[in-house]
Amino acid sequence: MIFLTPLALLGLLSLPVVWFLLRATPPRPRRQSFPAIQILRSLRPQEVDASRAPLWLLVIRLCAVTLLVLGLARPVITGDALPSGGHGPIALVLDDDMLSAASWPERLAVAQSLVDDADHAKRPILLLRTAGTSTEDATDAPPALRPAGVLRQELASLRPSPWGTDRAALARKLSAHSLPSFGNVIYIANGVASDGDALLAKSLQALGPVQEIRIPDSAIYALQPAHSHTGAVMGHLLALPTEAPRAVTVHVHTQDGGTLAVVPVTLPAKSGGTDIVVDLPTTVRNRIDRLSLSGQPSAATTLLLDEGDRLRPVGLMTTGAADTPLIGPLFYLRRALAPTADLHEGPAATLLAQPFSVLIAPDGALADPALRQKVAEWVKNGGTLIRFAGPALAGAQHDGSAAPPADAPTGTDPLDNGHDALLPVALLDGSRQLGGTMTWGTPQKLAPFDASSPFHGLAIPSDVTISRQVLASPMADLSAHSWARLADGTPLVTHKELGKGEVILFHVSSTADWSNLPLSGLFVSMLQHLTEHANGVSMPADNSILSPVLTLDGDGALGPPPATAKGLQADAFATTQASAAHPPGLYGPRATRRALNAATQLHMLTPAAAFGVITSPSGHRPDTPLGRYCLLAALTLLLLDALLVLAMRQGLKLGKQTFSRGGSVAMVLVLLCTVHPAAQAQTPVAPTNSAPAPAHVPGGALETRLAYVLTGHTDIDTVSRQGLQGLSDYANARTSAMLGHPDGVTLGQDDLSYYPLLYWPITADAHITPQQTAALTAFMAHGGILLIDTQGQDSGNAESTDPSAGFAGDAPGSRSALRRVTNGLPIPPLSVMTDHHLLAHTFYMLHDFPGRYAGQNIWVAREGVAENDDVSPVIIGSGDWAHAWAVDENGNTPYAVIPGGAEQRQLAYRFGVNAVIYALTGNYKADQVHVPMLLKRLGE
């Protein structure tokens, strides 16, 4: 044991003085004769003042002073963090990379204990970090030994780096400088193998005996982009294999922090990774910007998505012919676009009624002139049409059937005169045959793509050849309309602008009959670039430099890029490893933003070989400070001294163990208050004249509360509670209503009469019993309002003629469940609520009533048919209001609103406030229209 403030021990010299002062007694009193008075003899003294403090009291006071002095001297029981017998300086090597973030507090605690032990032994320390920064790597100065006090402050402010270790660079740095011999080399490693392990192990062993410390039970994970964008796979989870299966949770976020989904992922025993499947509708999926691992905040467990990860809606026109595998017109198109697009197939008339930005027409899909006219109008309004040639198009050019109708309007585009308006260039009759027994030519290869082409930068396979094509008619500006050419200069892909949109033509078919292009990966890349180009996204793939916009720190939080961050070439993202010069994050402007993830270059996580003798932190006891305990004991003794003195003044005599009546009662009360404060607080004394409290009083009877129906689904019930809590807080802050915490109720069991508004989220498995129907009927008959929320549209029963005022999620089975649970309830005839309804202006003047989803109809009782003063007893909608109102324990709104924005969430809160005021006050707002007439009559 050592004393951090040994000079304070001089206070022990005051103990004799304290002893003398406590033992000092006043002079003997002088005896004086006093007339004997009989009444005085009968009096007994009420207080007995001791002439001298008893020995036990002196001991208590001396112990208190001694403990006070020892506490001020700050005694410390030193630990044994360093191996015994070591001498000389210490080399402390620390893995501060992205994989160390999960156990970073434990690593810092071990490092601090090592520094404290070195400080006690007066041994200098050399701190080496395997991740480091580019500034440290750029310096040629050798690593310097530093005192423990300086390193203690540096460790306290140290954070993990958002990139991996570079052990080979550290080994080269150690080899480049002549360092002294070290008594101990201690390596706090993450336990994951990497390149350069052998070099670093050799360099450390040359410095001195190596001891490696690994944090036990530290789960190491990493998130990286999906190996293949098929189906709903959005990422891949890497893990250090263990003997037991593991369950983790992946959170799906928008960039503004909203949570779209929570995905549970299970890793089998000895598994090194698994795919992350996020099954969400395409509209919602395209809003995903980030995936993160719950409870593991780091750059390695954060996966950023960019514009290339979005699924673009694409329509494939069917021709009516059988889509035979391998030879059908949509077979190769479907497989080329499925991983990167949201495909919809059907006739052109059906596709035109849906919100697509890209339509693909194989050969023969636009044979009808009237259909071509409709498609041309769609393109002029901003759509992109991608056509493919084939026998039908070549024959149409030959027989002239592609000519526009006589009454078709003539456009300003000169290319529209004399040929199909949906062709970017005029075509020659028939088709050109390249190669074959009856031709002299040979199949042609592709020429390199021009810099102005959206295909620029794509690698052209040498085995891709074209054996047949439709030829463009020679014209002066044909090169300006060509995005791809054959080696002989003839166009392969042409384009032209039509109104606000664009028409693109592949001069070959979408099957393998005219070329082997559909069989190649180039075909997939070309279609992907065209769909991105049509959606305003131009993902650069050349050597242009993209500057960092937002980067991740060691804890996985996005923020401004550090000063060491540099721009990165667009074609280098797939091969660049995150580092100090190129930290993980988002690069480039919004429309062409690229994501560099920390774990992209990790192939797998494998345990590292030992660098030295492996130990765990459990075998190293840190320093134990005793000063606080000494001061606490001194304070306790002083309090005990005060209590004993107080008891002695009340008549306590320890020699005979007797107490006076008043002194004993005071002593017992003091001891009870000291020893059992919790028991005293938990046993309140009832008032003398009060009646006994009832066993249970519902909270709704004591304060106004909202309620929600418990569905049996934990996630939905949690959202309902958070949503009504957020709505209650919002109403309390802006209205005179004072709402308490919401209650979850079970229909048929809990009394509903305490609640003015009951929120009921409908699930697909919802059922109702006659007892529950009777409870709801009584609730509605006595003025309660039932707010029924189907939490989205039932896509299986949605009206096809409905223009879909807005996307409202998929709630399969909710419509049938709604009919099932409302069967037997006294629901009056309903109508769609408008902004003229009383509910639209009970507090706020509203014209829209969104929830998590915007643009959904709300059904209320038809005006004039509802009882209870024409107040609708039921409100039915699909806006999913609870998710929009929800506020978590940290005060955040964890669920995104669709299509999004703070204004939509504000309107959702305002609709909720209107519903609360409507439930509390009924139709009082409607009565205000009679005020002018009443005032007029009063005036008369």
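Each remark here, short or long, concerns the structure printed above.
Residues numbered from 1 in each chain as written. Predicted model: local features only at pLDDT ≥ 70, side-chain atom pairs only at ≥ 80, totals over all residues. Heavy atoms only, no water.

Overview of the overall build of the protein chain
Counting secondary structure elements, the protein chain contains 26 helices and 39 strands. Within the protein chain, the proportion of its 940 residues that are buried is 45%. Within the protein chain, contacts between residues separated by at least 24 positions form 74% of all contacts whose residues are at least 6 apart in sequence. For the protein chain, the exposed area adds up to about 46800 Å²; of that, 57% sits on carbon and sulfur atoms. (Helix = DSSP H or I, 4+ residues; strand = E, 2+ residues; numbered from the N terminus. Buried < 20%, exposed > 50% of the residue type's maximum accessible area, 1.4 Å probe, protein only. Contact = heavy atoms within 4.5 Å. Areas by Shrake-Rupley, 256 points an atom, 1.4 Å probe, with all protein chains shown as cover.)

Remarks on the side chain of His883
The topology assignment puts His883 in helix α23 (residues 881-885). Within the local environment of His883, its side chain forms a polar contact with the side chain of Asp880, the two groups lying 2.8 Å apart. Each residue touching His883, except ones within four places of it in the same chain, is listed here: Val719, Gln791, Arg852, Tyr895 and Arg905. (Polar contact = N/O pair within 3.5 Å; in protein donor to acceptor, adjacent residues only side chain to side chain.)

Comments concerning unusual backbone geometry
Its identity is not glycine, yet Lys270 carries a phi of approximately 65°, on the positive side. One can find Lys270 in the loop between β10 (259-267) and β11 (273-277). On the basis of relative accessible area, Lys270 is assigned to the exposed category, the value being 57%.

A word on the sheet that holds strand β31 (residues 613-615)
In spatial order, the strands read β4-β3-β5-β6-β31; together these five strands make up an open sheet with parallel pairing. Two strands close off the open sheet at either side, each with one partner strand: β4 (125-129) and β31. Across the sheet, the mean angle separating the axes of adjacent strands is 20° when strand polarity is ignored. Bridge count between strand β3 (residues 90-94) and strand β5 (residues 184-189): five bridges; the pairing is parallel. Paired with Ile90 across the strands is Asn184, a residue of β5. (Pairing = 2+ DSSP bridges. Axes fitted to C-alpha atoms, helices over the stretch in contact; angles between N-to-C directions.)

What about the pairing of strand β12 (residues 290-293)?
Because side chains alternate across β12, one face comprises the buried residues Arg290 and Ser292, and the other comprises Leu291 and Leu293, equally buried. Looking at chain direction, strand β9 (residues 246-253) and β12 are connected through four bridges and run antiparallel. Paired with His253 across the two strands is Arg290, which belongs to β12. For β12 and strand β13 (residues 302-304), the ladder comprises three bridges, and the chain directions are antiparallel. Bridge pairing links Arg290 to Leu304 in β13.

Focus on the pattern of salt bridges
All chains considered together, the criterion is met by 16 salt bridges. Glu154 is paired through a salt bridge with Arg146; the nearest N and O atoms lie 2.7 Å apart. Each of Asp95, Arg167 and Asp197 takes part in salt bridges that share partners, so that together they form one network. (Salt bridge = Lys/Arg side-chain N within 4 Å of Asp/Glu carboxyl O.)

Notes on the packing of helix α7 (residues 167-176) against helix α8 (residues 197-207)
The description of two helices packed together rests on the angle between their axes and the distance between the axes. One can describe the packing of α7 onto α8 by two numbers: an axis separation of 8 Å at closest approach and a directional angle of 35°. Seen from above, α7 lies across α8 with left-handed handedness. Together, Arg167, Ala168, Leu170, Ala171, Leu174 and Ser175 of α7 and Asp197, Leu199, Leu200, Ser203, Leu204 and Leu207 of α8 make up the contact between the two elements. Grouping the amino acids of the contact of α7 with α8 by side-chain chemistry returns eight nonpolar, two polar and two charged. (Left-handed = near helix turned anticlockwise from the far one by under 90°. Nonpolar A, V, L, I, M, F, W, Y, C, P; charged D, E, K, R; others polar.)

Notes on empty space enclosed by the protein
Scanning the entire structure with this criterion turns up seven cavities of 30 Å³ or more. Of the pockets and cavities examined, the largest cavity occupies roughly 50 Å³. What lines the largest cavity is simply Met98, Leu99, Ala102, Ala219, Ile220, Tyr221, Gln296, Pro297, Ser298 and Thr301. Across the lining of the largest cavity, the residue classes break down as seven nonpolar, three polar and no charged. (1 Å grid on protein atoms, 1.4 Å probe; cavity = no way out; pocket = protein on both sides within 12 Å on 5 of 7 lines; lining within 4 Å. Points joined across faces, edges and corners; volume = space filled by probe spheres on them.)

Overview of the nonpolar core
In terms of nonpolar packing, the biggest core is built from 43 residues, with Ile360, Phe455 and Val493 touching the most fellow members. Not counting residues up to four positions away in its chain, the partners in contact with Val493 are Phe455, His481, Ser482, Trp483, Ala484, Ile504, Leu505, Phe506, His507 and Met526. Tyr708, Leu787, Ile875 and Ala884 belong to the second largest nonpolar core, which has 39 residues in total. (Core = buried A, V, L, I, M, F, W, Y, C linked by side-chain atoms within 4.5 Å.)

Observations regarding the sheet that holds β10
The four strands lie next to each other as β10-β9-β12-β13, forming an open sheet whose pairing is antiparallel. Of all strands in the sheet, those with a lone pairing partner are β10 and β13, marking the two edges. Here the strands of the sheet are splayed against their neighbours by 20° on average, with no regard to which way each runs.

Some thoughts on helix α12 (residues 369-380)
For α12, spanning twelve residues, the distance from its first C-alpha to its last is 16 Å, which sits close to the expected 16 Å at 1.5 Å a residue. Turning to α12, its buried residues number three or more, namely Leu371, Arg372, Val375, Ala376, Trp378 and Val379. Around the axis of α12, the buried residues are gathered within 160° of arc, so they sit on the same side. Those residues of α12 hidden inside the fold are in contact with β14 (312-317), α11 (348-352), β16 (358-361), β17 (384-388), β23 (491-498) and β24 (501-506). Measuring from the backbone nitrogen of Ala370 back to the side-chain oxygen at the start of α12 gives 3.3 Å, which picks out Asp368 as the cap. At the exit of α12 stands Gly382, carrying a positive phi of roughly 120°. (Expected span 1.5 Å × (residues − 1). Arc of directions from axis to C-beta.)

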